[in-house]
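As a plain string of letters, each chain reads:
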Amino acid sequence: MASLDRYILRQCFGVMIFVTAALSAAIWLAQSLRLIDLIVNRGLSIEVFLYLALLILPRFLDIVLPIGVFIAVLFTFNRLTAESELVVMRSVGLSHIALAKPVLILAGIAFLVLMSLSAYFLPASNRAFKDLHFEIRNRFVSSLLLTIYIRGRDEQGEVVGLLINDSREPHRPVTILAERGVFANTPAGSRIVMVNGNRQQFDPETRKLSLLTFDRYTLDLDSLHDAPVVRFREPQERFLDELFFPSAEADPVLRLGLTIEAHQRILIPLSAFSFALIPLACLLPGEFNRRGQLKRALLAIVVAFLFELLDIGVNDLASRSAAAIPLMYATDLLPFILGLGILFRGNIRFGFQGPRVAAVNTP
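Residues numbered from 1 in each chain as written. Predicted model: local features only at pLDDT ≥ 70, side-chain atom pairs only at ≥ 80, totals over all residues. Heavy atoms only, no water.

Things to note about the overall build of the protein
Inference 1: The helix and strand inventory of the protein stands at 10 helices and 7 strands.
Inference 2: Within the protein, buried positions represent 39% of all 363 residues.
Inference 3: Restricting the contact set of the protein to residue pairs at least 6 apart, pairs at least 24 apart contribute 65%.
Inference 4: Total accessible area computed for the protein in this model is approximately 20,900 Å², and 63% of it derives from carbon and sulfur atoms. (Helix = DSSP H or I, 4+ residues; strand = E, 2+ residues; numbered from the N terminus. Buried < 20%, exposed > 50% of the residue type's maximum accessible area, 1.4 Å probe, protein only. Contact = heavy atoms within 4.5 Å. Areas by Shrake-Rupley, 256 points an atom, 1.4 Å probe, with all protein chains shown as cover.)

Thoughts on the environment of Leu-211
Inference 1: Position of Leu-211 relative to the elements: it lies in strand β5 (residues 208-220).
Inference 2: It is 5.8 Å that separates the C-alpha atoms of Leu-211 and Arg-199, two residues lying 12 residues apart in sequence.
Inference 3: Those residues in contact with Leu-211 that lie beyond four places of it in its chain are Asn-198, Arg-199 and Gln-200.

Re the confidence of the model for the protein
Inference 1: Per-residue confidence for the protein averages 83 on the pLDDT scale, and 83% of its residues sit at or above 70.
Inference 2: Across the protein, helix α8 (residues 252-283) holds the top mean pLDDT of 94, while strand β7 (residues 348-349) sits lowest at 43.
Inference 3: Ignoring residues within four places in sequence, the model shows residues 140-144, a span with pLDDT below 50, making 8 contacts including any to other chains.
Inference 4: Scored below 50 in pLDDT, residues 225-229 shows 9 contacts in the model against residues more than four places distant or in partner chains. (pLDDT = per-residue confidence, 0-100.)

Digging into the nonpolar core
Inference 1: By size, the foremost hydrophobic cluster in this structure holds 40 residues, and its most contacted members are Val-73, Phe-77 and Leu-280.
Inference 2: Mapped onto this core, the elements with two or more residues apiece are α1 (3-32), α4 (57-82), α5 (85-91), α6 (96-139), α8, α9 (294-318) and α10 (325-345).
Inference 3: For Leu-280, the residues in contact, after removing those within four places along its chain, are Val-73, Phe-77, Ala-100, Val-103, Pro-285 and Leu-343.
Inference 4: Leu-162, Ile-164, Val-174 and Phe-214 belong to the second-largest nonpolar core, a separate cluster that totals 11 residues. (Core = buried A, V, L, I, M, F, W, Y, C linked by side-chain atoms within 4.5 Å.)

Digging into the pattern of salt bridges
Inference 1: For the structure shown, the criterion picks out 10 salt bridges.
Inference 2: One salt bridge in this structure joins Arg-127 and Glu-242, with 3.1 Å as the shortest N-O distance. In this pair, Arg-127 is assigned in helix α6 and Glu-242 in helix α7 (residues 240-244), connecting sequence segments 115 residues apart.
Inference 3: A residue is classified by how much of its surface remains accessible, and Glu-242, at 26% relative accessible area, is partly exposed.
Inference 4: As a salt-bridge pair, Glu-234 and Lys-130 come within 3.9 Å of each other at their nearest N and O atoms. Placement of the pair is Glu-234 in the loop between β5 and α7 and Lys-130 in helix α6, with a sequence separation of 104 residues.
Inference 5: Relative accessible area serves as the criterion here: at 29%, Lys-130 is assigned to the partly exposed category.
Inference 6: A cluster of three or more residues bridged by salt bridges with shared partners is formed by Arg-79, Glu-83 and Glu-85. (Salt bridge = Lys/Arg side-chain N within 4 Å of Asp/Glu carboxyl O.)

Details of the packing of aromatic side chains
Inference 1: Within this structure, the stated rule accounts for 7 aromatic pairs.
Inference 2: When the centroid spacing of 6.4 Å and the interplanar angle of 75 degrees are considered together, the rings of Phe-70 and Phe-275 count as edge-to-face. Separated by 205 residues along the polypeptide, Phe-70 in helix α4 and Phe-275 in helix α8 bring together distant segments of the chain.
Inference 3: Between Phe-273 and Phe-336, the ring centres sit 5.8 Å apart and the planes meet at 70 degrees, which makes this aromatic pair edge-to-face. Here Phe-336 lies in helix α10 and Phe-273 lies in helix α8, a separation of 63 residues in the sequence. Each of the two residues, Phe-273 as well as Phe-336, counts as buried.
Inference 4: Through a chain of ring-to-ring contacts, three or more aromatic side chains come together here, namely Phe-70, Phe-275 and Phe-307.
Inference 5: Sitting above the plane of the Phe-129 ring, Arg-59 keeps its charged end 5.0 Å from the centroid. (Phe/Tyr/Trp six-rings, centres within 6.5 Å; stacked < 30°, edge-to-face > 60°. Lys NZ or Arg CZ within 6 Å of the ring centre and 35° of its normal.)

Next up, the structure:
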């Protein structure tokens, strides 16, 4: 790779990393705040909260990285023009395609990252997030039938003065009294360990009360699980082979949804090339202006915005009919193909003219 190529690539790559990290952090923070209720209402530990927040990060990278490529190319080439570096590069004979080479390398790097996300990291993280979130949401579905009263908590973190009313079996309610106790998370699940108390169970049929005095008693909170073990896997949680080759028993609507998701997993990485070529096609051709290229930069932003709107519309159309799937590829690759065509045929004029030779008419 030539030194100029490395220079442009380094500039673009640095801006892409910065923009992607900044946008991802902002979106990640906003979305992570939605998980706060799991800490407040479900007693979620900070470690599990951070793990859940980390699992949602790949889905933001999948959206933000193509935008980071677009902003990086737009910012870098606009700066190169404003500081007259692009003029020097053009004066040594670099064509539009030569200047686009490091940009295509940058898009290739983004493509590989996005493809790894689409093929493995995105479905794996979505699956892990949905499984854990599902478990947390349904862990205490039956806890409405289990009421726990606590008088207080001591300096060691133990609770004192426990009264537990267990109505999971309506015909045989249980009341547990204990002097002290502690909530514990074990490899086998959540537990309440109590000491110095008694367990009272009333049988309404025999009208008898059974009393059990204990020095140590453990209540298994995992017994509160009443959610089904098997959970339906959404398209975002499935790997590419599951999307392209669903089970024969899947209904047509589900098969179409899986097919659309599979093609989108491929098209999102390919869109990095389109987002990289849009600013180049708007900035490089045309006349050089020392006062900047604000109009061309705004044109690139508008084109990218319209491209994204068209892509959303085509995806919505494809979700209703599989016949529109080829149109998805045409829409995503159209800016890349048009951008290459403009770069091949475009020409930069630097805004000055060479000395003209006056025509002399001889009689």
